[in-house]
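Residues per chain, in single letters:
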Amino acid sequence: MLCLGIEGTAHTFGVGIVDSRGKVLANALKTYVPAKGGIHPREAAQFHAANARVVLDEALKVASVSIEDIDFLAFSAGPGLGPCLRTAATAARALASWLDVPIISVNHCIAHVEIGRLTERAKDPVTLYVSGGNTQVIAFDAGRYRVFGETLDIPVGNCLDVFGREVGLPYPGGPTVERLAREGKRYIPLPYVVKGMDLSFSGLMTDAVRKHRAGADLHDLCYSLQETAFAALVEVTERAVAHTEKKEVMLTGGVAANQRLREMLKLMANEHKAKFFVPPREYCQDCGAMIAWTGILAYKHGVGQKLRETGVKQRWRTDQVDIPWRTG
Amino acid sequence: MLMKKGAEANLYLEPFARVLHRAGEGKVVVKHRIAKRYRILEIDKQLRESRTTLESKLFADAKRAGVPTPLVYEVDRAGMRIVMEFIDGRQVKLVLDKLRPKARRKLCELIGRQVARLHRAGIVHGDLTTSNMILTREGKVYFVDFGLGEYNPSLEARGVDLHLLRRALQSIHFRVTDEAYRAILSGYKREFGGGANEVIERVEEIERRGRYVPKEERTWR
Ligand SMILES: Nc1ncnc2c1ncn2[C@@H]1O[C@H](COP(=O)(O)OP(=O)(O)OP(=O)(O)O)[C@@H](O)[C@H]1O
Ligand SMILES: [Mg+2]
């Protein structure tokens, strides 16, 4: 049984092909890079539309299957940027009706967790999912993925990217901030905001930008920005670990590429005698394979939609989705 | 004796006389904020010190505002320790789901009233979860763990505080979230008086943020 998954919630348009045993046959993608400034939702959507065919063909070629071999379709129905979501959904619906196969709406955040559980053989992790569009601490409990912490304003990846843009670093800012931070020595105090289980990064971002304008050393600032933001992320994840008493911690999303964040989370996990996982980079970022695999899990458990029920949900929450494929 | 390993502190239950070196009955709780190896020393020290000091102040001011909190006997800023009264009771977290609906409603209304008292006194708790509330045999609800609290009378801070409580209900008490939250709000409104609706509306607004908010809706842009 083969599922073709389409991802298109933000920058990335991806097509993945996965079989029912979790073998990834293809994971093709293209990523929109804004010419200037942040992501423009409509431009990104046009990018997706223009590249859909190329990415689809590449996935089929890599998997060495023909489109008729596909048993059903899955697509990222949310959360995400409206125009991007609608483009991916249109592609998925058109394919499904043309092939006359079932179609399944997949929650993007849950797909990140599920592909990580697959590649890392993690059973029941507390997941820190950090990207340009999302910041969540997720753990499974009583039939759903519960959100044990999230940002109250901007996602942490966005905080790093916007800081980078404001101080003149190339896009995306995250990797450059990480590189510069390695040469930072002096800690410059920045606002550390943890509110209960939740986080806030917009005050941190504006203060770091302000300090740069006031002449603070950029290396020191990058170092301080990372240390502050990541300490807050790890603290909130630690609370979830302490509360749920789970013995696995997983890091995923685009920001998972950051070595310092990995190191910090690993230290925390060790202190709680928990295993620590980071999926390979290609599965941390947005991709079609994660959508396809989550589609398989759902399909095996009788989840499926009629074509007319495949509307997009820009604000689809992680904890709104029933997870029949897990128990407990 | 180690009583609890919290996420940020170890709590010890000790005889009064042994810890405070003066005559006294019963037990005390020693809350010791422990160092975290994952964060740099500067952040670690700053957080632990400021939270220790702030927490002891907030305990006292909350009590003054009419919210039961443990009596603070001693603050050791350098050692990052607070010595406080032991509250004999059960965590609300462990009882809330098991109560009969009517008892649950009454408890939640009381919690809502106490949150309103804090807010009216210019305090936000900062970590309103049911594990930070202790229900005693006499039916009093003690609030503990003010380490993330602050003196902040703004609408936003109050909204976030209530939002956190609702989020705690959603992640821990998902079977009774709605009825519990409704009862909390009803207690909150009654005690807070005028302006309570503004706070409640702010909670709704906060909940609309934080997702993948389309760029045109973002305030910093
Ligand atoms: N004075 C007290 N008397 C009795 N029990 C207490 C007292 N103070 C705290 N506790 C209990 O110990 C638990 C942990 O304490 P506290 O919340 O202050 O520590 P913490 O490290 O911040 O914990 P966490 O991070 O898990 O919230 C509380 O949830 C409460 O149940
Ligand atoms: Mg606590």
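Because the structure is a prediction, the values reported are computed rather than measured. (Residues numbered from 1 in each chain as written. Chains lettered and ligands numbered in written order. Predicted model: local features only at pLDDT ≥ 70, side-chain atom pairs only at ≥ 80, totals over all residues. Heavy atoms only, no water.)

**Student:** Hey, could you run me through the coordination of the magnesium ion (ligand 2) in this one?
**Tutor:** Four donors placed tetrahedrally about a metal ideally form angles of 109.5 degrees, and six donors placed octahedrally ideally form angles of 90 or 180 degrees. All names here are of chain B. Those protein atoms acting as donors to the magnesium ion (ligand 2) are Asn-132 (OD1) and Asp-145 (OD), and they sit at 2.1 to 2.2 Å. Of this pair, Asn-132 sits in the loop between strand E7 (123-124) and strand E8 (133-136) while Asp-145 sits in the loop between strand E9 (141-143) and strand E10 (150-151), and the two are 13 residues apart along the sequence. For the residue pair Asn-132 and Asp-145, the accessibility class agrees, reading buried in each case. (Donors = N, O, S within 2.8 Å, 3.2 Å for Na, K, Ca; no water. Helix = DSSP H or I, 4+ residues; strand = E, 2+ residues; numbered from the N terminus. Buried < 20%, exposed > 50% of the residue type's maximum accessible area, 1.4 Å probe, protein only.)

**Student:** Explanation requested: the site of ligand 1 in the structure shown.
**Tutor:** Residue and element names in this part refer to chain B. As a matter of local geometry, ligand 1 sits amid 20 residues, with Lys-31, Ile-87, Gln-91, Ser-131 and Asp-145 nearest to it. Contacts to ligand 1 include Glu-8, whose backbone N or O atom sits 3.3 Å from an oxygen atom. A distance of 2.7 Å is found between an oxygen atom of ligand 1 and a side-chain nitrogen or oxygen belonging to Gln-91. Protein burial of ligand 1: of its 600 Å² of free accessible surface, 91% is covered by the chains. (Near = heavy atom within 4 Å. Polar contact = N/O pair within 3.5 Å; in protein donor to acceptor, adjacent residues only side chain to side chain. Areas by Shrake-Rupley, 256 points an atom, 1.4 Å probe, with all protein chains shown as cover.)

**Student:** Help me understand the side chain of Thr-87 of chain A in this model?
**Tutor:** All names here are of chain A. Mapping Thr-87 onto the fold places it in helix H2 (residues 82-99). In this structure the side chain of Thr-87 is engaged in a polar contact, spanning 2.8 Å, whose partner is the backbone oxygen of Pro-83. Setting aside residues no more than four positions away along its own chain, Thr-87 makes contact with Ala-45, His-48 and Ala-49. (Contact = heavy atoms within 4.5 Å.)

**Student:** Sorry if this is basic, but what is going on with the domain arrangement of chain B here?
**Tutor:** Frequently, the measure chosen for interface size is the accessible area removed from exposure when the parts meet. Residue and element names in this part refer to chain B. Considered domain by domain, chain B is made up of domain 1 (2-85) and domain 2 (90-209). Across the domain 1 to domain 2 interface the summed buried area is about 1500 Å²; carbon plus sulfur atoms make up 67%. When the buried area of domain 1 at its contact with domain 2 is split by residue, Leu-58, Val-67 and Pro-68 rank highest and sum to 37% of it. Summed over the shared surface of domain 1 and domain 2, the result is 1 salt bridge. Put simply, Lys-31 and Asp-145 hold a salt bridge, and the shortest N to O gap is 3.2 Å. Across the contact surface, domain 1 and domain 2 share 5 residue pairs in polar contact (both at pLDDT 80 or more). (Domains from an automatic or database assignment. Buried area = accessible area lost by both parts, 1.4 Å probe. Salt bridge = Lys/Arg side-chain N within 4 Å of Asp/Glu carboxyl O.)

**Student:** Just checking my understanding: could you explain the domain arrangement of chain A for this structure?
**Tutor:** Residue and element names in this part refer to chain A. Under the domain assignment, chain A is made up of domain 1 (2-112 + 284-320) and domain 2 (124-282). Taking the mean C-alpha position of each, domain 1 and domain 2 sit 27 Å from one another. Contacts between the two partners involve 18 residues from domain 1, matched on the other side by 21 residues from domain 2. For the domain 1 and domain 2 pair, buried surface summed over both sides reaches about 1500 Å², with 52% attributable to carbon and sulfur atoms. At the boundary of domain 1 and domain 2, one finds 1 salt bridge. The salt bridge involving Glu-150 is made with Arg-317; its shortest N-O contact spans 3.4 Å. Run the count over domain 1 and domain 2 and you get 11 residue pairs in polar contact (both at pLDDT 80 or more). Per element, the largest residue contribution to the side of domain 1 that touches domain 2 is 4 residues, and it comes from helix H3 (residues 108-120). Here the side of domain 1 that touches domain 2 is composed, by residue class, of 7 nonpolar, 9 polar and 2 charged. (Nonpolar A, V, L, I, M, F, W, Y, C, P; charged D, E, K, R; others polar.)

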